[in-house]
Amino acid sequence: MTDAAPRFAWTLDVARGVAVIWVFLFHVQSMAHIAAPSLHGLSAMGSAGVVLFFVISGFCIHASASRKVRHGSSGAAAFMRRRMLRIFPPFWASIIVVLALPHVLALLSALASGRYEVPAAADWWHWTVLDWLGLVTLSRGLFTGDANAYAPINAVYWSLAIEVQFYFIVALALCSGRAWNHFLAAVTVLCLLLIGFEVPLPATLFVSYWPQFAVGIGLHMLTQRSVALPGDGGVPTSVIAALCFGALIIAIARTGMPSPLGFAVASAVAIWLMGHVESGARRRFAAPPHPLVRLPLRLALAAGVCSYSVYLLHGKLHLLPWMFVRQWVPADSVWTLVGVVIMTVALCYGFYVIAERPFASGRKRG
């Protein structure tokens, strides 16, 4: 990426934060409906946050692979080793947290009631060794063909399985050397044809989701070619980007949520536009901003920084903050929802520091 192209570090973290909070709201729809009825429609569309994650992933993974190619080697093995190290250790740690959580909740309830009730047996009690092996390798869905293969432990794991498949395709592309982008283009065309002709395929296969990932790849290729708005990151660029971004939001608000592929394209456009705004902000505020500006900015980016940890745990972990919030705040208060979200993100940030950051240190963003 050249200096003239918009920078995306802040933009991508904000986009990750938006995506994970949106998915979070989707998984607490019943709470959102009671606490904040005006947000119920937004939370019901929260599955679009997964689409946004796939677009961001396509951008970042293509950026990582491009660096390998520029360094003169395919780097397929190193690429996969880095991606697996990034995904699997936090994922394995999250399994431990999720399995322990019912017992933690029961223990906390016992402190209040004076009586410990053993959690009811879960579906996974009947799993075989092969089931557990399929879980920890994120291959259970592929072998069973069941979209809910991971639901007995944590439903969100299905998208990680799709993500790992994306990585394998990119690694295969890197094995083709300088023609790796042509390989990715061929995969994209093939997937679009399979989708267009409605070829029956397992829902656990990457094909249906690859076009969303490919949109992110296309966005990164756009930035590599320094395609930018007039003004080179200055104030005019930011003004144009803000106007275009506003028009995009109004269009979606008036016409409704587009198809997953349409939303992926709209998300890529939004990220590209916000990248220009970020570029202008970086030029204008070359020196570190005042602490009164820096602190809110860091808080706004926090959810994006630990978004993977939040994604892994929010669906189960939010029950812990909810136990405390409901003691002090009425269920029909918006502060119930706000308190649960903030406390859950804070807990997930602790998990990020312990279980994710050691494996993400030194990574290059965007």
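Counting from 1, residues in each chain are numbered in the order their sequence is written. Local features in this predicted model are restricted to residues of pLDDT 70 or higher, and side-chain atom pairs are both shown and tallied only at a pLDDT of 80 or more, whereas totals for entire chains, interfaces and linings draw on every residue. Computation of side-chain values: all heavy atoms of the structure, hydrogens and water removed.

For the rest of this paragraph, the subject is the packing of helix α4 (residues 48-70) against helix α5 (residues 76-113). Two elements in contact, α4 and α5, have axes separated by 10 Å at closest approach and are oriented at 145°. The handedness of the crossing between α4 and α5 comes out as right-handed. Note on element contacts: α5 touches α4 through Ala78, Phe79 and Arg83, opposite Ile61, Ser64, Ala65 and Lys68. A per-class count over the contact of α4 with α5 returns four nonpolar, one polar and two charged. Working convention: axes come from line fits to C-alpha atoms, limited for helices to the stretch in contact. Angles between N-to-C directions cover 0 to 180 degrees. Put simply, DSSP marks the helices as runs of H or I at least four residues long and the strands as runs of E at least two long, and each gets a number from the N terminus on. For any pair of crossing helices, the crossing counts as left-handed if the nearer helix is rotated counterclockwise from the farther one by less than a right angle, and right-handed if it is rotated clockwise. Whether two residues touch is decided by their heavy atoms; if any such pair falls within 4.5 Å, the residues are in contact. Residues are grouped as follows: Ala, Val, Leu, Ile, Met, Phe, Trp, Tyr, Cys and Pro are nonpolar; Asp, Glu, Lys and Arg are charged; all remaining types, including Gly, are polar.

Residues belong to a common nonpolar core when they are buried Ala, Val, Leu, Ile, Met, Phe, Trp, Tyr or Cys residues joined through side-chain atoms within 4.5 Å. For every residue, the accessible area obtained with a 1.4 Å probe (protein chains only) is divided by the maximum for its type, and the residue is called buried under 20%, exposed over 50%, and partly exposed between those limits. Core analysis: the largest hydrophobic core is formed by 99 residues, its most contacted members being Phe91, Leu138, Tyr157 and Trp210. At 13 residues, α4 tops the list of elements feeding residues into this core. Filtering out sequence-adjacent residues up to four positions away, Phe91 remains in contact with Leu135, Val136, Leu138, Tyr157, Leu160, Tyr308 and Leu312.

All right, on to the pattern of salt bridges then. Each salt bridge in this description consists of a side-chain nitrogen of Lys or Arg and a carboxyl oxygen of Asp or Glu lying within 4 Å of one another. With the rule as written, the count across this model stands at four salt bridges. With a closest N to O distance of 3.6 Å, Glu117 and Arg115 form a salt bridge. Taken as a pair, Glu117 and Arg115 share a single burial class, namely exposed. In this structure, Arg140 engages Asp131 in a salt bridge whose closest nitrogen and oxygen atoms are separated by 3.2 Å. The class for Asp131 is buried, based on a relative accessible area of 18%.

You can see Ser109 is positioned in helix α5. Here Ser109 falls in the partly exposed class, since its relative accessible area comes to 33%. Excluding residues that lie within four positions of it along the chain, Ser109 makes contacts with Gly114 and Met323.

This next bit is on a nonpolar patch on the surface. In this scheme, patches are assembled from residues that exceed 30% relative accessible area and form no salt bridge. Like charges are connected within 9 Å, while nonpolar side chains (Val, Leu, Ile, Met, Phe, Trp, Tyr) are connected within 5 Å. Computed with the Shrake-Rupley method and a 1.4 Å probe, the accessible areas treat only the protein chains shown as cover for residues. Taken together, Val189, Leu193, Phe197, Val199 and Leu201 make up a surface patch of nonpolar side chains, about 470 Å² in accessible area. Counting through the fold element by element, Phe197 comes out in the loop between α9 (180-196) and α10 (210-224).

This brings us to the side chain of Ser66. Tracing the sequence through the fold places Ser66 in helix α4. Beyond its immediate sequence surroundings of up to four residues, Ser66 is in contact with Trp180, His220 and Gln224.

Looking at the element boundaries, Leu42 is found in helix α3 (residues 40-44). Along the sequence, Leu42 and Phe26 sit 16 residues apart, while their C-alpha atoms lie 8.2 Å from each other.

An α-helical segment advances 3.6 residues per turn. Residues three or four places apart therefore align on the same side. Take the number of residues in a helix, subtract one, and multiply by 1.5 Å to get its expected span. Relative to the 56 Å expected for 38 residues at 1.5 Å per residue, α5 spans 56 Å between its end C-alpha atoms, a close match to the ideal helical length. Along α5, the sharpest change in direction is near 40° and occurs at Leu101; proline Pro102 comes one to four residues later. One or two steps after α5, the chain reaches Gly114, where phi turns positive at roughly 80°. A residue's bend is simply the angle between two axes: one fitted to the seven residues ending at it, one to the seven starting at it.

Where helix α8 (residues 157-175) meets α9, the axes come as close as 7 Å, and the angle between the chain directions of the two elements is 135°. Here α8 lies oblique to α9, going by the angle between them. For the element pair α8 and α9, the recorded crossing hand is right-handed. On the side of α8, the interface is formed by Ile169, Val170, Leu172, Ala173 and Leu174, while α9 contributes Trp180, Phe183, Leu184 and Val187. Along the lines of polarity and charge, the residues of the contact of α8 with α9 split into nine nonpolar, no polar and no charged. To sort the angles, those under 35 degrees are grouped as roughly parallel, those over 145 as roughly antiparallel, those from 65 to 115 as roughly perpendicular, and the leftovers as oblique.

In this section: unusual backbone geometry. The backbone of Leu138 shows a phi angle near 60°, a positive value even though the residue is not glycine. Residue position: Leu138 is located in the loop between α6 (129-136) and α7 (140-144). Look at Leu138 and you get buried, because its relative accessible area is 4%.

To continue, consider the environment of His220. Considering the arrangement of structural elements, one finds His220 in helix α10. Residues His220 and Ala268 lie 48 residues apart in sequence; the distance between their C-alpha atoms is 9.5 Å. Contact partners of His220, with chain neighbours within four places excluded, come to Phe59, His62, Ala63 and Ser66.

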